[in-house]
Amino acid sequence: MKTRLLLVPALAVLMVDVFVQVPRSITLLTALLLVVVGWGLGHDTHSRLIELQHQVRTDPLTGLANRTALYEDLAVRLTASREGDEPFAVLLLDLDRFKEINDSLGHHVGDQLLIEVGHRLQPMLRDQDLFVRLGGDEFAMVVPGDEPLPAARRLLSALTEPFLLDGMRVRVGGSVGVARYPDDARDANGLLQRADVAMYVAKAAGGGVSPYDPQHDQHSRERLRTVEQLRAALLADELTVYYQPQCDVATGLAVGAEALVRWRHPTRGVLAPEWFLPLVEQAGLMSELTRTVMEQAVAQCVSWRSRGLDVGVSVNLSASNLLDEDLTDHVVALLGSSGLPAEALTLELTENLLLSDPERCLVTLERLKAVGVWLSIDDYGTGYCSLSYLQSLPVDELKLDRAFLTDLEHSRNTSIVRSTVDLAHDLGLRVVAEGVEDAAGLDLLRQLGCDTAQGFFLSRPLTADAMTAWLLAPAPGPPPPPPPPGSPALVPALFCAAGAA
Ligand code: C2E
Ligand code: CA
Ligand code: CA
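What counts and how
- Counting from 1, residues in each chain are numbered in the order their sequence is written.
- Chains carry letters and ligands carry numbers; both start at the beginning, A for chains and 1 for ligands, and go up in the order they are written.
- Thresholds applied to this predicted model are a pLDDT of at least 70 for local features of residues and 80 or more for the giving and counting of side-chain atom pairs; totals over whole chains, interfaces and linings are not thresholded and use all residues.
- The basis for every side-chain value is the complete set of heavy atoms in the structure, and neither hydrogens nor water enter the calculation.
- Helix and strand labels come from DSSP, where a helix needs a run of H or I of at least four residues and a strand needs a run of E of at least two; each type is numbered from the N terminus.
- Relative accessibility decides the category of a residue: with a 1.4 Å probe and only protein chains considered, values under 20% of the type maximum give buried, values over 50% give exposed, and everything between is partly exposed.
- Any two residues whose heavy atoms approach within 4.5 Å are treated as being in contact.
- Only the protein chains shown count as covering a residue, and every accessible area follows the Shrake-Rupley method with a 1.4 Å probe.
- In this description, a donor is an N, O or S atom within 2.8 Å of the metal centre, a cutoff extended to 3.2 Å for sodium, potassium and calcium. Water is not part of the atom list, which can make sites seem incomplete.
- DSSP calls a pair of strands paired once it identifies at least 2 bridges connecting them.
- Nearness is judged by heavy atoms alone; a residue qualifies as near a molecule or strand once a single heavy atom is within 4 Å of it.
- We define a polar contact as two N or O atoms separated by no more than 3.5 Å, with the added condition that, inside protein, one atom must be a possible hydrogen donor and the other a possible acceptor, whereas residues neighbouring each other in sequence contribute only through side-chain atom pairs.
- Only Asp, Glu, Lys and Arg are considered charged in this grouping, and only Ala, Val, Leu, Ile, Met, Phe, Trp, Tyr, Cys and Pro are considered nonpolar; every other residue, Gly among them, is considered polar.
- To obtain each axis, a line is fitted to C-alpha atoms, and for helices this fit is confined to the stretch in contact; angles are then taken between N-to-C directions over 0 to 180 degrees.

*Asks:* Can you walk me through the overall build of the chain in this structure?
*Replies:* Assigned secondary structure in the chain consists of 19 helices and 16 strands. Here the chain holds 501 residues, and 45% of them are scored as buried. Partitioning the contacts of the chain with sequence separation of at least 6, the portion at a separation of at least 24 is 68%. Of the roughly 25,000 Å² of accessible surface on the chain, a fraction of 57% belongs to carbon and sulfur atoms.

Following this line, the structure appears as structure tokens:
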């Protein structure tokens, strides 16, 4: 506009040149100057406008296009498609484990991951593909044609290689939902909503690609209903606790039990935690769940001890529990009212949880430690904590993840377990091995000097009553000598109790 406005005086100057006899070189120069200045001013505004437009359509963190750009792109495609009915698809990608990475390694690492995802995926785009970040860890891709599944698989395969974040190799999976135009929806919101529904189906299946299916709508309605049912379940005491024994490896005697939550669903039976804990966390109900579990577990442990059984109980904490300022007060009140000695209660935390906000976690851990409860690092070996870091924390116990136990005869795993046990003992920590599934594993743990064992070989998680019966059954005495090589492993009768889950 400004360019055009300045062209007028430039022409006027040239006219002056025609009617008034000033030297031609001067008029030409003035006109040129006006055009250049005008163009300059206009160009400046124009480029700023373009820049502004670019900013509005760009995600500031990753530099990828954003939601606005996606809607614009969809509007263009929808118009073009209506004319010639060109098919295309919307792919919605949600990173798996992003919250865990963000919580455990910090937001700067989470941000770095999102940027890296953009770097990896951008070079894979074809001419007419659009890849945008919608927000959080959600990305969308628009691909032309009616064969979107190969593009969806390419998206996921780009995530297969671990990401190098803050010097650590971190594996990140993804879940992709796919909605097609015109089959699944005929407008932008419809396509995004259906891709979202399909993405949740992929997530529930543990990741991968899921094309939209009308039956999925039912699934998404069910998710919402489940959250409501969970709220009600907490009020109606439908959440119950199962117990899995922990035995001293040297003597075979039970020393405690891990409390594992179950949901006695009115129509779907007893549900395992993997089915509802993610929803509990999403719905902000984790503090309530932990309190319910802790209350049941503490009361149960008091009852066992009143029958002369010298056992403790372990309760799992989750990420939000450590941010709950009232946790320690609640533990103190519970121990006070129940009379359970503090050292009979162990709280289990995963190592990644500790890295989320180390300073704040340390304060919480020290407060809990001052109360006298035991603190245990759960799933040890799967996260990013080093033993030397753990040394700086007031923890008492390491629970070796069952991944090391599944293939214990494998010499590498044996060496890892051996050196972890030795190092942990040097640091004054007790070592619990999880996932002991056979006699050979238990025997090897004995040789490696592990303190406590837990796993299906000893017992599956049991209802409170079945666990009481298990504990009251005659003691097995010292563990039997290892069977001669080649003979089948014997499972002591004591280890087969009813009511297992
Ligand atoms: P976890 O804390 O690692 O608990 C051990 C899980 O391993 C239990 O699964 C148990 O049944 C299973 N397990 C025990 N021995 C064996 C074995 O020999 N082989 C195999 N394959 N599995 C074994 P469960 O009860 O389904 O719990 C799964 C996870 O849910 C727990 O893993 C824990 O992270 C979480 N969870 C359970 N209860 C609670 C709770 O009250 N609060 C919180 N925050 N998390 C809980
Ligand atoms: Ca645990
Ligand atoms: Ca564990």
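*Asks:* It is not clear to me how the coordination of the calcium ion (ligand 2) should be interpreted in this structure. Could you clarify?
*Replies:* For a metal with four tetrahedral donors the ideal donor-metal-donor angle is 109.5 degrees, while six octahedral donors give ideal angles of 90 or 180 degrees. Only Glu-258 (OE), Asn-316 (OD1), Glu-348 (OE) and Asp-378 (OD) from the protein coordinate the calcium ion (ligand 2), and they sit 2.1 to 2.3 Å from it. Coordination of the calcium ion (ligand 2) draws on donor residues from a single chain, spaced E-x57-N-x31-E-x29-D in sequence. Between the two metals, the calcium ion (ligand 2) and the calcium ion (ligand 3), the spacing is 3.9 Å, and Asp-378 donates to both. Within this pair, whereas Asn-316 is found in strand 11 (residues 312–316), its partner Glu-348 is found in strand 12 (residues 345–350), the two being separated by 32 residues in sequence. Among the residues examined, Asn-316 registers a relative accessible area of 26% and is labelled partly exposed.

*Asks:* Got a minute to help me understand the coordination of the calcium ion (ligand 3) in this structure?
*Replies:* Protein coordination at the calcium ion (ligand 3) comes from Asp-378 (OD), Asp-379 (OD), Glu-434 (OE) and Glu-434 (OE), with a distance range of 2.2 to 2.6 Å. Motif for the calcium ion (ligand 3), donor spacing along one chain: D-D-x54-E.

*Asks:* When you look at the pairing of strand 8 (residues 239–248) in this model, what are you seeing that I'm missing?
*Replies:* Residues in a regular strand point their side chains to alternate faces of the sheet. Taking burial as the measure, the ten residues of strand 8 include nine buried ones, the bulk of the element. As paired strands, strand 8 and strand 9 (residues 254–265) are joined by nine bridges and run antiparallel to one another. Among the inter-strand pairings, Gln-246 is bridged to a residue of strand 9, identified as Gly-256. The antiparallel pairing of strand 8 with strand 9 creates a hairpin that spans five residues between the two strands, and Gly-252 there sits at a positive phi of about 80 degrees. Where strand 8 and strand 16 (residues 452–453) come together, two bridges link them in antiparallel fashion. Each bridged residue has a counterpart across the sheet, and for Cys-247 the counterpart in strand 16 is Ala-453.

*Asks:* Quick question: what am I supposed to make of the site of ligand 1 here?
*Replies:* As a structural note, the neighbourhood of ligand 1 is formed by 22 residues, with Arg-262, Asp-378, Arg-402, Glu-437 and Phe-456 the closest of them. Contact distances for ligand 1 include 3.1 Å between an oxygen atom and a side-chain N or O atom of Glu-258. At 2.8 Å, a backbone N or O of Phe-456 approaches an oxygen atom of ligand 1. With the chains in place, 82% of the 790 Å² that ligand 1 exposes on its own is no longer accessible. Counting only elements with at least two residues in the shell around ligand 1, the list comes to strand 9, helix 9 (273–282), helix 10 (286–306) and strand 13 (374–380). Ranked by residue count, the leading element in the shell around ligand 1 is strand 9, at four residues. Class assignment for the residues of the shell around ligand 1 results in ten nonpolar, five polar and seven charged.

*Asks:* Explanation requested: unusual backbone geometry in the structure shown.
*Replies:* Only a minority of non-glycine residues have a phi that is not negative, and only a minority of peptide bonds are not trans. Note the cis peptide between Tyr-181 and Pro-182, where omega equals 5 degrees. Looking at the element boundaries, Pro-182 is found in the loop between strand 6 (174–181) and helix 7 (188–204). Here Asp-166, not a glycine, exhibits a phi torsion of approximately 55 degrees, which is positive. Relative to the assigned elements, Asp-166 resides in the loop between strand 4 (163–165) and strand 5 (168–170). Unlike most non-glycine residues, Asp-237 shows phi in positive territory, near 60 degrees. As for its position among the elements, Asp-237 is in the loop between helix 8 (216–235) and strand 8. Classification of Asp-237 as exposed rests on a relative accessible area of 61%.

*Asks:* Mind showing me how you'd approach the side chain of Thr-226 here?
*Replies:* When you line up the elements, Thr-226 lands in helix 8. With a relative accessible area of 9%, Thr-226 lands in the buried category. Not counting residues within four places of it along the chain, the set of residues in contact with Thr-226 comprises Trp-263, Arg-268 and Leu-279.

*Asks:* What should I look at first to understand the sheet that holds strand 6 in this one?
*Replies:* Across a sheet, strands are paired by hydrogen bonds formed along the backbone, either parallel or antiparallel in direction. The strand order across the open sheet built from five strands is 2-3-1-6-7, with neighbouring strands paired in mixed fashion. At either end of the open sheet lies a strand with only one pairing partner, and these are strand 2 (130–135) and strand 7 (208–211). This sheet shows a mean twist of 20 degrees between the axes of neighbouring strands, independent of strand direction. Strands strand 1 (88–95), strand 2 and strand 3 (138–144) of the sheet are contacted by helix 5 (residues 107–121), whose axis makes an angle of about 145 degrees with strand 1. Helix 7 contacts strand 1, strand 3, strand 6 and strand 7 of the sheet and is inclined by roughly 145 degrees relative to strand 6.

*Asks:* Any chance you could explain the side chain of Thr-292 here in plain terms?
*Replies:* Structurally, Thr-292 is set in helix 10. We classify Thr-292 as buried; its relative accessible area is 16%. Within the structure, the side chain of Thr-292 is placed 2.9 Å from the backbone oxygen of Glu-288, a separation counted as a polar contact. Once residues within four sequence positions are removed from consideration, Thr-292 is found in contact with Leu-234 and Leu-239.

Take it as geometry only, folks, not as evidence of what the structure does.
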